[in-house]
Amino acid sequence: MPTYRAPVKDMTFLLHDVLQIDRYSNLPGFAEATPDTVTAILDEAAKFCEGVLQPLNQSGDAEGCTRHDDGSVTTPTGFKAAYDRYVELGFGGLTQDPDYGGQGLPHVLGFAFEEMMISANMAFAMYPGLTAGAIACLSATGSDEQKRAYVPKMVEGTWTGTMNLTEPHCGTDLGMIRTKAEPQDDGSYKISGQKIYISAGEHDLSENIVHLVLAKLPDAPEGTRGISLFVVPKFILDDAGEPGERNAVSCGSIEHKMGIHGNATCVLNYDGAKGWLVGEPHKGLKAMFIMMNAARLGVGLQGIALSEVAYQNAADYARDRIQGRSLSGAKDPDAKADPIIVHPDVRRMLMDARAFNEGARAVALWGGLLVDLAEKAQSEEERQEADDLISLLTPVIKGVFTDRGFECATQAQQVFGGAGYIREYGMEQFVRDARIAMIYEGTNGVQALDLVGRKLAKDNGRAVRAYFKLVEDFCADHKDDAEMAEFTAPLQAALGDLQACTMWLMQNAMKAPDNAGAASTPYMHLMGLVVMGHMWAKMAKVALTRLDEGSGDMAFHENKLITARYFAKHMLPETGGLRAKVEAGADPVMALAADAF
Amino acid sequence: MKVLVPVKRVVDYNVKVRVKADNSGVELANVKMSMNPFDEIAVEEAVRLKEAGTATEVVVVSIGPKQAQETIRTGLAMGGDRGILVEYDAETEPLAVAKLLKAIAAEENPDLVVLGKQAIDDDCSQTGQMLAQLLGWSQGTFASKVTPGDGTVDVTREIDGGLETIQLKMPAVVTADLRLNEPRYASLPNIMKAKKKEIAMKTPADYGVDMTPRLSTERVEEPPERQAGVMVESVSDLVAALKEKGAL
Ligand SMILES: Cc1cc2nc3c(=O)[nH]c(=O)nc-3n(C[C@H](O)[C@H](O)[C@H](O)COP(=O)(O)OP(=O)(O)OC[C@H]3O[C@@H](n4cnc5c(N)ncnc54)[C@H](O)[C@@H]3O)c2cc1C
């Protein structure tokens, strides 16, 4: 049976020592996030995730969700009781607006909690995860009436949310959607069409389900400029605002899928369901993107979270399993063999995962902080800068962290040898669960295109230039620090690769757009390495300072440095290979004729 | 009815404790500390009494370093009303703690003191008993069920070979056993509310209690490492081996 211990210590190290969130105590929500409160919240959240959610992870996977003949769907045994406790404990309100019943705490703290929940039970965590995305979307674009009607219950968790984009013939290319919305005399709309792959589309956890649905008005222009957003509750609200009449949206079937079995992935049929327009007509995709951006960051956390839990179990196994002798002489001469953790190749797999987990977590939490600053920083300039950076980083966090998270989960599975392939050990579930994160919320290919095609060029490259400057300034600030050289020198080199590739794209993508397409994924990964390298250097600096002062947990900081070195020497240099791919251009990729494949 | 719940800050039960290099004690620096699990059960019981309308106020008390405030806050987040911290940095011994609690009881006049049956760091299992003796109150130790009546409280105790139910006159001291209840997780709103609840800061001198230790620790060592087992071929071999070890 796999186990999970929430990395609370690493999280508090990042929040307080690296990101120094106490610097922002003048901003709403941050004053409350003192170190003792943050620790109290994370400790309590950890107990819930480890004690309630994790024990349901394997059983939920084995049992899956069940659709009944009447179209109702039940989640695996134990999910409902666990969800009731989640609601009772009020975790759904962690970062939500106090006006709607939330605690208004910083997103950066919410990200830490989210990671724990996913590690413990990803299929479960998706129900509240989608709800949070729907709240973000309604809060940003809904009318006051809509917000008052739906948001408080969703913050509480008694109602959940979904996002309905995908249809059988279109997922990436949403301009082609066919779901129709016809205006009615009472100001509502009649929604008809079929949505597929809708996560948490139907289930028994909440009293109502608030579907956010993309559809086309009768006069809609072609393509993505003709998409509108509607709110369609499973139960139409009565005069008292309580769930009343059953709406004409039903679950036609649930998908049989590779992983996240505990989360119901539904075909939803809209047969003239009653819906209400959210925001302006034909501006639905823009509104939905608010949800998608929040959700993409959440999906990035899925990559880290599954890699983390898989790594923890692999590390335990590697200390336990004895097989073969250490190349440098027996480490446990009294036993018949040494534990496999003595083997450098096993170490490589564990170190890859560890260096990724800690580096990516640092980036993700920084991302959470940027979301806070984009919303709450005092000056328009600071808000703009944070918004620029998080928009730039969102495809990197989603695309790179789910690709690498999956890779690390398979490496952790590899550490188990044959047992990794056997169900009861739980490792193959992590791999199966991690796989979806690369696909939904825009495939990772689409993330890379978003980065290269949209985010780089936006505002004449203001965001990426600001990011380069951040890293350059960091390297310059520490250029006379001899102890930091082993981290800043490789970072500077990696940044050089990234800058060269950015330049290459500027010169070669406009005239031949396939160059941008071919370069997009390697470029995104290159940026991912630089972003992690930057955070690793920052963490190394904190660790060095603490060790010099002789304060705090020495072993923790020494281990940070060891892992930082591994990242600098073993992972960051991959930027060279990625640069070569970018600069090779589209020709090698596009040369083969389509019918020759 | 007022309930006083003393809680101790101890090494978290998940931590694998290590002996300090100089054998003077166990390593506490940078180790996760939490509320003693039996005290958590005591807090839970007090909060349940309050939720049932039996108790009107739950006061959480700790004797320990400044950081024991966090331990008290945990109790307040679970539903305690206010806290008292008697700040004392060195190791505490049951008698001194019992004397302090007696002094606090004299000020607070609780009807019930509920505390853990023992702390998982020193495993003494003495504080509750000593406190009852010093106060001259009845005591119900190792409670697995607590049912307050009119001026009395029925306590079901886990004893060798079964359960025993005794009736105590209040005020009384009750020590909580493992099966008394399953402590709750603190809810997020309650964690936030606990931040605003009052914790009175005191010192042993405020109560005129002399904390000078009466015990001195000579040396702390790891338990001897377990020897590898031997496989025996048959039951008779097993019996022979047990006889040889003097176990039979
Ligand atoms: C378990 C699960 C849960 C899901 N949950 C939801 C949900 O809650 N709500 C929802 O609306 N949807 C959901 N989806 C749908 C998901 O978001 C889509 O499947 C995904 O966006 C890809 O769309 P598609 O399946 O149509 O693939 P396609 O768009 O057909 O893509 C096929 C391949 O072509 C590539 N590709 C497509 N267009 C381009 C392009 N322009 N340039 C380069 N490459 C391109 C893609 O990257 C991909 O590799 C879910 C899917 C699954 C499997």
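Residues numbered from 1 in each chain as written. Chains lettered and ligands numbered in written order. Predicted model: local features only at pLDDT ≥ 70, side-chain atom pairs only at ≥ 80, totals over all residues. Heavy atoms only, no water.

Named according to an unreviewed UniProt entry, chain B is Electron transfer flavoprotein subunit beta originating from Rhodothalassium salexigens DSM 2132. Within the UniProt record for chain B, the comment given under Sequence similarities (unreviewed entry) is "Belongs to the ETF beta-subunit/FixA family." The UniProt entry for chain B carries the following comment under Function (unreviewed entry): "The electron transfer flavoprotein serves as a specific electron acceptor for other dehydrogenases. It transfers the electrons to the main respiratory chain via ETF-ubiquinone oxidoreductase (ETF dehydrogenase)." (UniProt positions renumbered as here; feature names shortened; annotations may be inferred.)

Looking at an unreviewed UniProt entry, chain A carries the name 3-methylmercaptopropionyl-CoA dehydrogenase, with the source organism given as Rhodothalassium salexigens DSM 2132. The UniProt entry for chain A carries this comment under Function (unreviewed entry): "Involved in the assimilation of dimethylsulphoniopropionate (DMSP), an important compound in the fixation of carbon in marine phytoplankton, by mediating the conversion of 3-(methylthio)propanoyl-CoA (MMPA-CoA) to 3-(methylthio)acryloyl-CoA (MTA-CoA)." You can read under Sequence similarities (unreviewed entry) in the UniProt record for chain A the words "Belongs to the acyl-CoA dehydrogenase family."

K.L.:
Please explain the UniProt feature "domain: Acyl-CoA dehydrogenase/oxidase C-terminal" (unreviewed entry) in chain A as it appears in this structure.
P.N.:
Feature annotation in UniProt places "domain: Acyl-CoA dehydrogenase/oxidase C-terminal" (unreviewed entry) on residues 283–451 of chain A, given in this structure's numbering. Annotation note: span residues 283–451 of chain A, helix share 73%, strand share 0%, distance between end C-alpha atoms 22 Å. (Helix = DSSP H or I, 4+ residues; strand = E, 2+ residues; numbered from the N terminus.)

K.L.:
What should I look at first to understand a nonpolar patch on the surface in this one?
P.N.:
All names here are of chain B. Residues V232, V235, L238, V239, L242 and L248 make up a contiguous nonpolar surface patch of roughly 500 Å² in combined accessible area. By secondary structure assignment, the location of V235 is in helix α6 (residues 235–244). Overall, V235 belongs to the exposed group, its relative accessible area being 63%. (Patch = residues over 30% accessible without salt bridge, like charges linked within 9 Å, V, L, I, M, F, W, Y side chains within 5 Å. Areas by Shrake-Rupley, 256 points an atom, 1.4 Å probe, with all protein chains shown as cover. Salt bridge = Lys/Arg side-chain N within 4 Å of Asp/Glu carboxyl O. Buried < 20%, exposed > 50% of the residue type's maximum accessible area, 1.4 Å probe, protein only.)

K.L.:
Where do I start with the UniProt feature "domain: Acyl-CoA dehydrogenase/oxidase N-terminal" (unreviewed entry) in chain A in this structure?
P.N.:
In the UniProt entry, the feature "domain: Acyl-CoA dehydrogenase/oxidase N-terminal" (unreviewed entry) is given for residues 39–157 of chain A. Split by type, residues 39–157 of chain A is 68% helix and 3% strand. Its first and last C-alpha atoms lie 23 Å apart.

K.L.:
Just to check I follow, could you spell out helix α1 (residues 37–51) of chain B for this structure?
P.N.:
All names here are of chain B. For α1, spanning 15 residues, the distance from its first C-alpha to its last is 21 Å, which sits close to the expected 21 Å at 1.5 Å a residue. Among the 15 residues of α1, 11 are classified as buried, and the element is accordingly described as predominantly covered. Those residues of α1 that fall on the buried side of the exposure criterion are F38, D39, E40, I41, A42, V43, E44, E45, A46, V47 and L49. (Expected span 1.5 Å × (residues − 1).)

K.L.:
Looking at this model, I keep getting lost on the sheet that holds strand β11 (residues 199–202) of chain B. Mind explaining?
P.N.:
The strands that make up a sheet pair up through hydrogen bonds in the backbone, lying either parallel or antiparallel. All names here are of chain B. The 9 strands lie next to each other as β9-β8-β7-β10-β6-β1-β4-β5-β11, forming an open sheet whose pairing is mixed. Strands with a single pairing partner mark the edges of an open sheet, and in this sheet they are β9 (162–169) and β11. Taking each pair of neighbouring strands and ignoring which way they run, the sheet shows an average axis angle of 35 degrees. As judged from the 8 bridges shared by strand β8 (residues 152–159) and β9, these two strands associate in the antiparallel manner. Within the sheet, the bridge partner assigned to R157 lies in β9 and is E164. (Pairing = 2+ DSSP bridges. Axes fitted to C-alpha atoms, helices over the stretch in contact; angles between N-to-C directions.)

K.L.:
Teacher, can you tell me more about the domain arrangement of chain A here?
P.N.:
Reports often express the size of an interface as the amount of accessible area lost when the parts come together. Residue and element names in this part refer to chain A. Segmentation of chain A into domains returns domain 1 (8–144), domain 2 (160–289) and domain 3 (444–597). For domain 1 and domain 3, the distance between their C-alpha centroids amounts to 30 Å. The interface of domain 1 with domain 3 comprises 7 residues on the first partner and 9 residues on the second. For the pair domain 1 and domain 3, the summed buried area comes to about 680 Å², and 71% of that belongs to carbon and sulfur atoms. On the domain 1 side of the contact with domain 3, K9, F13 and V18 bury the most area, a combined 63% of that side's loss. (Domains from an automatic or database assignment. Contact = heavy atoms within 4.5 Å. Buried area = accessible area lost by both parts, 1.4 Å probe.)

K.L.:
Can you walk me through the packing of aromatic side chains in this structure?
P.N.:
Given two aromatic rings, one states the distance between the centres and the angle between the planes to describe the pair. Residue and element names in this part refer to chain A. According to the stated counting rule, one finds 17 aromatic pairs over all chains in the structure shown. With a centroid separation of 4.1 Å and an interplanar angle of 15 degrees, the aromatic rings of Y317 and F416 are classed as stacked. One end of the pair, Y317, is in helix α7 (residues 284–320); the other, F416, is in the loop between α9 (380–415) and α10 (427–435), and 99 residues separate them in sequence. Judged by its relative accessible area of 8%, F416 is buried. When the ring centre of F235 is taken as reference, the NZ or CZ atom of R246 above it lies at 5.6 Å. (Phe/Tyr/Trp six-rings, centres within 6.5 Å; stacked < 30°, edge-to-face > 60°. Lys NZ or Arg CZ within 6 Å of the ring centre and 35° of its normal.)

K.L.:
Any chance you could explain the pattern of salt bridges here in plain terms?
P.N.:
When the charged atoms of two side chains lie near each other, side chains of opposite charge can form a pair. Residues and elements named next belong to chain A. Following the criterion strictly, the structure yields 56 salt bridges over all chains and no others. For the salt bridge of D345 with R348, the shortest nitrogen-to-oxygen distance reads 2.7 Å. Here the residue D345 and the residue R348 both occupy positions in helix α8 (residues 344–376), the gap between them amounting to 3 residues, near one helical turn. A relative accessible area of 44% means that D345 is categorised as partly exposed.

K.L.:
Explain the nonpolar core here, please?
P.N.:
Grouped burial of nonpolar side chains is what soluble globular proteins tend to show. Residue and element names in this part refer to chain A. Residues M116, Y523 and M527 are the most contacted members of the largest nonpolar core, which totals 245 residues. Looking at this core, the element that brings in the most residues is helix α5 (residues 107–141), giving 20 residues. Non-local contacts of M527, meaning those with residues more than four positions away in its chain, are made with L392, V396, L451, L456, V464 and L498. (Core = buried A, V, L, I, M, F, W, Y, C linked by side-chain atoms within 4.5 Å.)

K.L.:
Looking at this structure, how should I read the UniProt feature "domain: Electron transfer flavoprotein alpha/beta-subunit N-terminal" (unreviewed entry) in chain B?
P.N.:
Cross-referencing UniProt, the feature "domain: Electron transfer flavoprotein alpha/beta-subunit N-terminal" (unreviewed entry) maps to residues 23–211 of chain B in the present numbering. With 30% helix and 31% strand, residues 23–211 of chain B has its two end C-alpha atoms placed 23 Å apart.

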